[in-house]
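What follows is each chain in one-letter form.
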Amino acid sequence: QLCLVAGAEQQTSASSRDGGLFLARAADFHRQSAMDDFVFPCLLARRTKHFAERFPRSFELDDLNHVVAKAYRNGNRNPRAHMHAVELSVEEAGMSESNPLFLSNQEFQPFLRLRDCSQVSDGASALVLASEEGLVKAGIPLDSCVEIVGSEHGCGNLFEDPADFTVMDTAKAVVSRLYSSTGKSVHDLQVAEVHDCFSIAEVLMYEAIGLAEHGRGGEVCKEGITEIGGKLPVNTGGGLLSFGHPVGATGVKQVHEIYRQMKGECEEYQISERPGLGLTVNMGGDDKTIVSMMIKNC
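Details of empty space enclosed by the protein
Next up, step 1: This structure, assessed with the given rule, holds one cavity of 30 Å³ or more.
Next up, step 2: In this model, the largest cavity occupies a volume close to 40 Å³.
Next up, step 3: Lining the largest cavity are Ala 26, Ala 27, Asp 28, Gln 32, Phe 40, Leu 43, Leu 158, Gly 285, Asp 286 and Lys 288.
Next up, step 4: By residue class, the composition of the lining of the largest cavity is five nonpolar, two polar and three charged.

Now the structure itself:
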């Protein structure tokens with residue numbers, strides 16, 4: 001059996017402000033839309049504020065500069081990335097005239113810069129799912145494929161705020177179930193794609209997948225663990241921060257990115273040793289819907 005899966009999004013036909021309002025429908029719009037003209041940036045800035053205040057000894061806002069700079073470095077290697085031609089150092093990822101605070105909500109404004117946000121992008125991605133029988137019928141060799149060895153999904157309560165703004169509860173629960181069902185752990189992974197709609201989201205995803213202890217996610221990127229040459233490369237093609245975030249295509253693109261790494265198709269951003277096991281974690285809303293897959297090379 002064969003099944004085509006495709007995702008696409010066109011966002012640049014609307015202004016960033018109008019587009020942000022459209023996307024805010026993935027939040028509890030009637031309750032949360034008054035927070036700021038840019039609802040989701042404000043919701044994630046709220047998480048940054050709580051994280052910084054709870055863990056002042058292990059996290060500061062400029063730790064996010066390393067996440068952003070990594071994303072842009074990876075995007076510089078990826079000719080398909082939205083920000084492929086834009087170079088950004090760790091220092092330039094800090095607040096400046098070219099990287100301003102832009103929220104109108106005064107409580108959360110200090111906790112989000114422009115470069116902490118993913119790109120407003122147009123894009124599409126597609127893949128084919130097949131059973132072993134479908135591969136035989138289509139004449140597709142097994143060694144040209146990857147195997148989805150496990151998949152989990154889950155939803156949070158859209159109409160309530162999280163009990164703890166410093167934890168991606170839904171992502172953590174879904175990934176935990178995936179580890180349990182596959183008998184794998186973060187220590188078995190060789191590549192990962194996580195939902196970095198904002199820089200703080202990547203930090204919280206590090207913790208949700210078990211790569212860092214609670215409150216220590218900001219240290220992971222600073223230590224080089226998630227670089228292309230690191231212990232667990234994360235978002236090797238630039239992630240949403242640099243590759244771009246065509247919303248409807250993002251989940252499919254994560255799987256495609258793992259596939260391309262496993263088959264050695266990533267050229268300048270190829271991991272030196274092709275990964276044998278990878279993880280995807282895709283998010284909708286502010287940790288309200290999560291789909292996670294464990295993928296093995298064939």
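A closer look at unusual backbone geometry
Next up, step 1: Of note in the backbone geometry, Glu 267 takes a positive phi value of approximately 50° without being a glycine.
Next up, step 2: Looking at the secondary structure, you find Glu 267 in the loop between α10 (250-262) and β5 (277-284).
Next up, step 3: Positive phi, close to 65°, is recorded for Asp 287, a residue that is not glycine.
Next up, step 4: By the element assignment, Asp 287 lies in the loop between β5 and β6 (289-297).

Comments concerning the layout of surface pockets
Next up, step 1: Quantified by volume, the largest pocket comes out at close to 820 Å³.
Next up, step 2: What lines the largest pocket is a set of 34 residues, among which Leu 23, Ser 118, Val 120, Phe 198 and His 245 lie closest to the centre.
Next up, step 3: When contributions to the lining of the largest pocket are tallied by element, the ones reaching two or more residues are α1 (16-23), α3 (39-54) and β5.
Next up, step 4: In terms of residue count, α1 provides more of the lining of the largest pocket than any other element does, five residues in total.
Next up, step 5: When the residues that make up the lining of the largest pocket are grouped by side-chain class, the tally is 18 nonpolar, 14 polar and two charged.
Next up, step 6: Counted as a void, the second largest pocket has a volume near 580 Å³.

Thoughts on a nonpolar patch on the surface
Next up, step 1: There is a patch of nonpolar side chains on the surface, built from Leu 2, Leu 4, Val 128 and Ile 140 and spanning about 380 Å² of accessible area.
Next up, step 2: Considering the arrangement of structural elements, one finds Leu 4 in strand β1 (residues 2-9).

Some words on the pattern of salt bridges
Next up, step 1: Tallied over the full model, the rule gives 20 salt bridges.
Next up, step 2: Salt-bridge contacts for Glu 133 lead to Lys 137; the nearest nitrogen and oxygen are separated by 3.2 Å. Residue Glu 133 and its partner Lys 137 are both found in helix α5 (residues 132-138); the two are separated by four residues, about one turn of the helix.
Next up, step 3: Here Lys 253 makes a salt bridge to Glu 257, at a shortest N to O gap of 3.1 Å. Of this pair, Lys 253 and Glu 257 both sit in helix α10, four residues apart, roughly one helical turn.
Next up, step 4: With relative accessibility at 11%, the residue Lys 253 sits in the buried group.
Next up, step 5: The network of salt bridges with shared partners includes Asp 28, Arg 31, Arg 46 and Asp 161.

Examining the packing of α3 against helix α7 (residues 199-208)
Next up, step 1: As a packed pair, α3 and α7 sit with axes 9 Å apart at the nearest point and diverge in direction by 60°. As the angle between them shows, α3 and α7 are arranged oblique. In the packing of α3 onto α7, the handedness of the crossing is left-handed. Contact residues: α3 offers Leu 44, Arg 47, Thr 48 and Phe 51, while α7 offers Ile 200, Ala 201, Val 203, Leu 204 and Glu 207.
Next up, step 2: Across the contact of α3 with α7, the residue classes tally to six nonpolar, one polar and two charged.

Examining α3
Next up, step 1: If you check α3, its first and last C-alpha atoms are 23 Å apart, about what 16 residues at 1.5 Å a residue would give, namely 22 Å.
Next up, step 2: Here α3 lies mainly inside the structure; 13 of its 16 residues are buried.

Digging into the side chain of Asn 282
Next up, step 1: Position of Asn 282 among the secondary structure elements: in strand β5.
Next up, step 2: Separated by 3.0 Å, the side chains of Asn 282 and His 195 make a polar contact.
Next up, step 3: Leave out the neighbours within four places in its chain, and Asn 282 touches His 195, Thr 250, Gly 251, Gln 254, Thr 289, Ile 290 and Val 291.

Some words on the pairing of β5
Next up, step 1: Within β5, seven of the eight residues are buried, which leaves the element mostly enclosed by the surrounding structure.
Next up, step 2: As paired elements, strand β4 (residues 191-194) and β5 share four bridges and run parallel to each other. Within β5, the position partnered with Ala 192 by the bridge is Leu 279.
Next up, step 3: As paired strands, β5 and β6 are joined by eight bridges and run antiparallel to one another.

Reading guide: rules and limits
Residues numbered from 1 in each chain as written. Predicted model: local features only at pLDDT ≥ 70, side-chain atom pairs only at ≥ 80, totals over all residues. Heavy atoms only, no water. 1 Å grid on protein atoms, 1.4 Å probe; cavity = no way out; pocket = protein on both sides within 12 Å on 5 of 7 lines; lining within 4 Å. Points joined across faces, edges and corners; volume = space filled by probe spheres on them. Nonpolar A, V, L, I, M, F, W, Y, C, P; charged D, E, K, R; others polar. Helix = DSSP H or I, 4+ residues; strand = E, 2+ residues; numbered from the N terminus. Patch = residues over 30% accessible without salt bridge, like charges linked within 9 Å, V, L, I, M, F, W, Y side chains within 5 Å. Areas by Shrake-Rupley, 256 points an atom, 1.4 Å probe, with all protein chains shown as cover. Salt bridge = Lys/Arg side-chain N within 4 Å of Asp/Glu carboxyl O. Buried < 20%, exposed > 50% of the residue type's maximum accessible area, 1.4 Å probe, protein only. Axes fitted to C-alpha atoms, helices over the stretch in contact; angles between N-to-C directions. Parallel < 35°, antiparallel > 145°, perpendicular 65-115°, else oblique. Left-handed = near helix turned anticlockwise from the far one by under 90°. Contact = heavy atoms within 4.5 Å. Expected span 1.5 Å × (residues − 1). Polar contact = N/O pair within 3.5 Å; in protein donor to acceptor, adjacent residues only side chain to side chain. Pairing = 2+ DSSP bridges.

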